[in-house]
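# What the coordinates show
Each chain is listed here by its residues.
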Amino acid sequence: MNTHARKQLITFDDQIVRQFMWASILWGIVGMLVGVVIASQLNFHQLNLTSWLSFGRLRPLHTNAVIFAFVGNMMFAGIYYSTQRLCKARMASDVLSKLHFWGWQGIIVAAAITLPLGFTRGQEYAELIWPINIAVALIWVVFAVNFFWTLARRNEASLYVALWFYIATIITVAMLYIVNHLSIPTSWTHSYTLFAGVQNALVQWWYGHNAVAFFLTTPILGIMYYFLPKAAERPVYSYRLSIVHFWSLVFIYIWAGPHHLLNTALPKWLQMLGMFFSLMLWAPSWGGMLNGLLTLRGAWDKLRTDPVVKFFIAAVTFYGMATFEGPLLSIRAVNALSHYSDWTIGHVHAGALGWNGLMAAGLFYWLTPRLYGTKLHSVSMANFHFWISIVGILLYVAAMWVSGIMQGLMLNSTNAAGTALTYPNFIETLTAIRPMMAFRTIGGGMYLVGMGLMLWNLWMTARSGQPVNESREVAVIERASVDNMGAKETFLSDPVTYFFGGLFLLMGWIFLPRGADITALVCALIFGAIAVRKFATSHHTWSQWYERLLENWLPFTVLTFIAVALGGLIQIIPTVMVNRAKNMEDRIQQVYTPLELTGRDIYVAEGCYNCHSQMIRTMLPDVLRYGDYSRLGESIYDHPFQWGSKRTGPDLAREGGKYPHSWHYNHMMEPRSTSVGSNMPAYPHLFTEKFDQKTLPKKIAAMVHLGVPYPMMTAVEIKENAIKQGIEIVNTLKADKINALPDTKIVALIAYLQKLGKYETPEVEGKLPPIPAKPELIPGPINPDKGRSTATGE
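Residues numbered from 1 in each chain as written. Predicted model: local features only at pLDDT ≥ 70, side-chain atom pairs only at ≥ 80, totals over all residues. Heavy atoms only, no water.

Under the annotation held in an unreviewed UniProt entry, the chain carries the name cytochrome-c oxidase and is attributed to Prosthecobacter dejongeii. In its Subcellular location (unreviewed entry) section, the UniProt record describing the chain reads: "Cell membrane". (UniProt positions renumbered as here; feature names shortened; annotations may be inferred.)

In this fold, His347 is placed in helix α14 (residues 342-371). For His347, the contacting residues outside a window of four places in its chain are Ala322, Glu325, Gly326 and Leu329. (Helix = DSSP H or I, 4+ residues; strand = E, 2+ residues; numbered from the N terminus. Contact = heavy atoms within 4.5 Å.)

Turning next to the pairing of strand β2 (residues 183-187). Relative to strand β3 (residues 190-193), β2 runs antiparallel, the two being bridged by four bridges. Residue pairing in the sheet places Ser187 in a bridge with His190 of β3. The hairpin turn running from β2 into β3, its antiparallel successor, is two residues long. (Pairing = 2+ DSSP bridges.)

Attention now moves to a nonpolar patch on the surface. On the surface, a nonpolar cluster with roughly 760 Å² of combined accessible area is contributed by Trp269, Leu506, Trp509, Ile510, Phe511, Ile518, Val522, Ile526 and Ile530. Taken together, the elements giving at least two residues each to the nonpolar patch come down to α19 (494-511) and α20 (516-549). Considering the arrangement of structural elements, one finds Phe511 in helix α19. (Patch = residues over 30% accessible without salt bridge, like charges linked within 9 Å, V, L, I, M, F, W, Y side chains within 5 Å. Areas by Shrake-Rupley, 256 points an atom, 1.4 Å probe, with all protein chains shown as cover. Salt bridge = Lys/Arg side-chain N within 4 Å of Asp/Glu carboxyl O.)

It is worth spelling out the packing of helix α7 (residues 218-232) against helix α10 (residues 282-294) at this point. At a closest axis distance of 10 Å, the pairing of α7 and α10 adopts a crossing angle of 15°. Between α7 and α10, the crossing angle belongs to the class labelled roughly parallel. The interaxial crossing formed by α7 with α10 has left-handed handedness. Across the interface between the two elements, Met224, Tyr225 and Leu228 of α7 pack against Gly288, Asn291 and Gly292 of α10. Looking at side-chain class alone, the contact of α7 with α10 contains three nonpolar, three polar and no charged residues. (Axes fitted to C-alpha atoms, helices over the stretch in contact; angles between N-to-C directions. Parallel < 35°, antiparallel > 145°, perpendicular 65-115°, else oblique. Left-handed = near helix turned anticlockwise from the far one by under 90°. Nonpolar A, V, L, I, M, F, W, Y, C, P; charged D, E, K, R; others polar.)

Counting through the fold element by element, Asn43 comes out in helix α1 (residues 15-43). When its relative accessible area of 17% is taken as the criterion, Asn43 is described as buried. Between the alpha carbons of Asn43 and Met437 there is a distance of 6.8 Å; along the sequence they are 394 residues apart. In this structure, Asn43 is in contact with Arg434, Met437 and Ala438, ignoring residues within four places of it in sequence. (Buried < 20%, exposed > 50% of the residue type's maximum accessible area, 1.4 Å probe, protein only.)

The axes of two packed helices give the description: the angle between them and the distance between them. Where helix α2 (residues 55-87) meets helix α3 (residues 94-114), the closest approach of the two axes is 10 Å, and the angle between their N-to-C directions is 170°. Classified by the angle between their axes, α2 and α3 sit roughly antiparallel to one another. Residue-level inspection shows Leu61, Phe68, Ala69, Asn73, Phe76 and Tyr80 of α2 in contact with α3, the latter providing Ser97, His100, Trp104, Gln105, Ile108, Ala111 and Ala112. Its residues placed into classes, the contact of α2 with α3 shows nine nonpolar, four polar and no charged.

Using the criterion set out here, one finds 24 salt bridges in the structure. In the salt-bridge network here, residues are joined through shared partners; they are Arg587, Asp628, Arg631, Glu634 and Arg654.

To continue, consider unusual backbone geometry. His639 connects to Pro640 through a cis peptide bond whose omega is 5°. Within the fold, Pro640 resides in the loop between α23 (620-626) and α24 (661-669). The phi angle at Tyr340 is positive, at roughly 70°, despite the residue not being glycine. For Tyr340, the position within the fold is in the loop between α13 (332-338) and α14. Residue Asp483 is not a glycine yet carries a positive backbone phi of 55°. Relative to the assigned elements, Asp483 resides in the loop between β4 (471-475) and α18 (487-491).

Looking now at the packing of aromatic side chains. Taken as a whole, this structure holds 53 aromatic pairs when the rule is applied. Taking 5.8 Å as the distance between ring centres and 35° as the angle between the ring planes, the aromatic pair formed by Tyr81 and Phe227 counts as tilted. Taken as a pair, Tyr81 in helix α2 and Phe227 in helix α7 lie far apart in primary sequence, 146 residues in all. Classification of Tyr81 as buried rests on a relative accessible area of 6%. (Phe/Tyr/Trp six-rings, centres within 6.5 Å; stacked < 30°, edge-to-face > 60°.)

A few words on the side chain of Arg672. Here Arg672 lies in helix α25 (residues 671-674). With relative accessibility at 18%, the residue Arg672 sits in the buried group. A distance of 3.1 Å separates the side chain of Arg672 from the backbone oxygen of Ser678, its partner in a polar contact. Not counting chain neighbours up to four residues away, the residues in contact with Arg672 comprise His45, Gly677, Ser678, Asn679, Met680 and Ala682. (Polar contact = N/O pair within 3.5 Å; in protein donor to acceptor, adjacent residues only side chain to side chain.)

A separate point is the UniProt feature "binding site: heme b 1; low-spin" (unreviewed entry) in the chain. UniProt feature "binding site: heme b 1; low-spin" (unreviewed entry): in the numbering of this structure it lies at His62 and His349. Across 288 residues in sequence, these annotated residues keep their C-alpha atoms within 12.2 Å of one another, forming a single compact spot. Examined against the element boundaries, His62 turns out to sit in helix α2. Of the residues examined, His62 reaches a relative accessible area of 13% and is grouped as buried. In this structure His62 touches Gly31, Val34, Gly35, Ile38 and His349, once residues within four positions along its chain are discounted. Here His349 shows up in helix α14. Overall, His349 belongs to the buried group, its relative accessible area being 16%. Residues contacting His349, with those up to four places away along its chain left out, are His62, Gly354 and Tyr396.

According to UniProt, the feature "domain: Cytochrome c" (unreviewed entry) maps to residues 594-757 in the numbering used here. Structurally, residues 594-757 comprises 45% helix and 0% strand, and the distance from its first C-alpha atom to its last is 17 Å.

Assignment of secondary structure puts Tyr423 in the loop between α15 (379-412) and α16 (426-432). Excluding its chain neighbours within four sequence positions, the residues that come into contact with Tyr423 are Met410, Ser413, Glu428, Thr429 and Arg625.

Counting across every chain of the model gives zero disulfides. Here Cys611 is not cross-linked by a disulfide; its sulfur's nearest cysteine counterpart is in Cys608, at 8.2 Å. The exposure class assigned to Cys611 is buried, which follows from its relative accessible area of 14%. (Disulfide = S-S within 2.5 Å.)

Relative to the elements of secondary structure, Leu503 occurs in helix α19. Since its relative accessible area comes to 8%, Leu503 is described here as buried. Residues Leu503 and Phe76, 427 residues apart in the sequence, show an inter-C-alpha distance of 34 Å. With residues near it in sequence (within four places) discarded, Leu503 still touches Phe251 and Leu566.

Set out below in structure tokens:
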């Protein structure tokens, strides 16, 4: 390779970095301000001032603003700055850069308008309606084209570590986002997810967990690998550790999604697979953390003097804490305590505020003086920002740990015989954690104040200088010297062959029948031993192959895509293939009537899924509290699923028929009238607003297209059916001296709530085991597959 080619003066596009940086700070403050508001609403329900400022609608705004607006813009700022330096090339297209920036901001504004209005898909972190989803996909393609085009035009032969993580981010987020957002539109603001029930839950958490992995982790790790050595003025501690960190992380992370569905109706093999890979994540995550921390070797004194290093090192430490806690929470027994409680909320915020937020602060304090050719306005103010943020995070996380563990223990507590709950009233547990909720608001408020200080400090820094676009003379490399690795050289190599061979045998261990699975495992171990021996004798060949790979962005990208796609394919495809009504051996969900379907859409639009689950876990305390545990077939027509991930209110899976219509009417009008001590907001607008009859035929048609067995109905019959059922509910309410109109939203919502938990038991009812199961003396998980095996006679 000739590196003595002609020289060229290039000027980096730092304007786009400045734009993304300021956008990140401003949206971050907005997102965190909304977070403080909704945290306050949990203590003071009176703060739910209007329908569009209620908790259920604002929580998605908070999560989306922090993830996609704050961290997203921060990520783009870091990537645009470092990619140009690492490639020794200006971004390939200024037009695409500008289109990316303004398109992304337009998406954020659209989300900020639609979410409070109740336009949502009803899935966490995937709430945006379908026109915005398409815009996100298009803008992401614009970003990807600009990035890979820049790689192809680079003047640096090898791809540095940070670029590996950026590549993994771009291709994996595209894959996750597109698959999880597949929907059938029924109007410009509404659609039904392509997947239903357990399929939908699995795909959602395949997306949701890996949004954490590939939107909130891998790009930030790339930023760490570039900016931390710059700030510490030391090289990365271990290049070899970087290689192991990258490939193990991108391969293992994608399998871990099912740990969000432990102790549910998800098939047990998927639960165990998710837990197993989650535990394996400890190794690569801590490898990356140690690589970051040890980069500061010999420069630890900078922790006393440099606020940038303080933020970076604290962020990496929080990364280590969060990635220790994550696998811990994926252990089935621990998850039984932590899931549906504030422990999970504390874990998420340790990552978002500690890892992402502090990395963003360090990045911005490092970038701003360089982007404006000046020095930081106030180091002491940056230091104060650091300490108020640390105290705020610790207060927040500690409050959520105490709250989560306390409520989890109370909810799972039974008498000595295991036949009755110690705290049968859900609100009793909610009341116990109220003080912790207050501390959460205080901790979040302190973090928000720190963000405000950073904005002021950086704004004053920018005002003291002028925008600077760095120019640098670089050697132009010969294009033929890089990016010339063919498919044969890429795939027919020892590292690739041994990896896929071993993986194939391990899959045999998981999927083959008894006897053959042990054979596959033994073969996998022998194959692994051969691979290790081969590496020991010819590791130089392996190293040379990898160095060649790093000079070829396309083969590197293809291998990365295969590594991240494998886990999803192996987990999702079997579930999609078998999750059909004809394959259900016990319960099959009853189809929603047009009015009930309308009520379900209202339930989703109001964000009720943010507080209530409709999946009763297989744990004995949950069965005692809420009723018989949920089966796969009971949500087979739910688009989207409503299994939930958080419980601020009780589980509603068996709500149907539990209370009269009048109870639901009064509960939605004033929750405290039926549930003393509840923090649920009132929904007065549901009593005057009419539900949408016009789109009902399209919704039914979409459901039929998705495989829901509705009888033949004309558009008129669908509307008449809805009104007729509404009149029946109104007449029942009249008997309790309550007047309502049959076409109001409250009537539709009551219809839906009364349908929850209704199912059919065709042909096989006699084969089913007695339900609920005989109480066990020791509370513990019930095997959801046990019933299925019995029903099939195995």
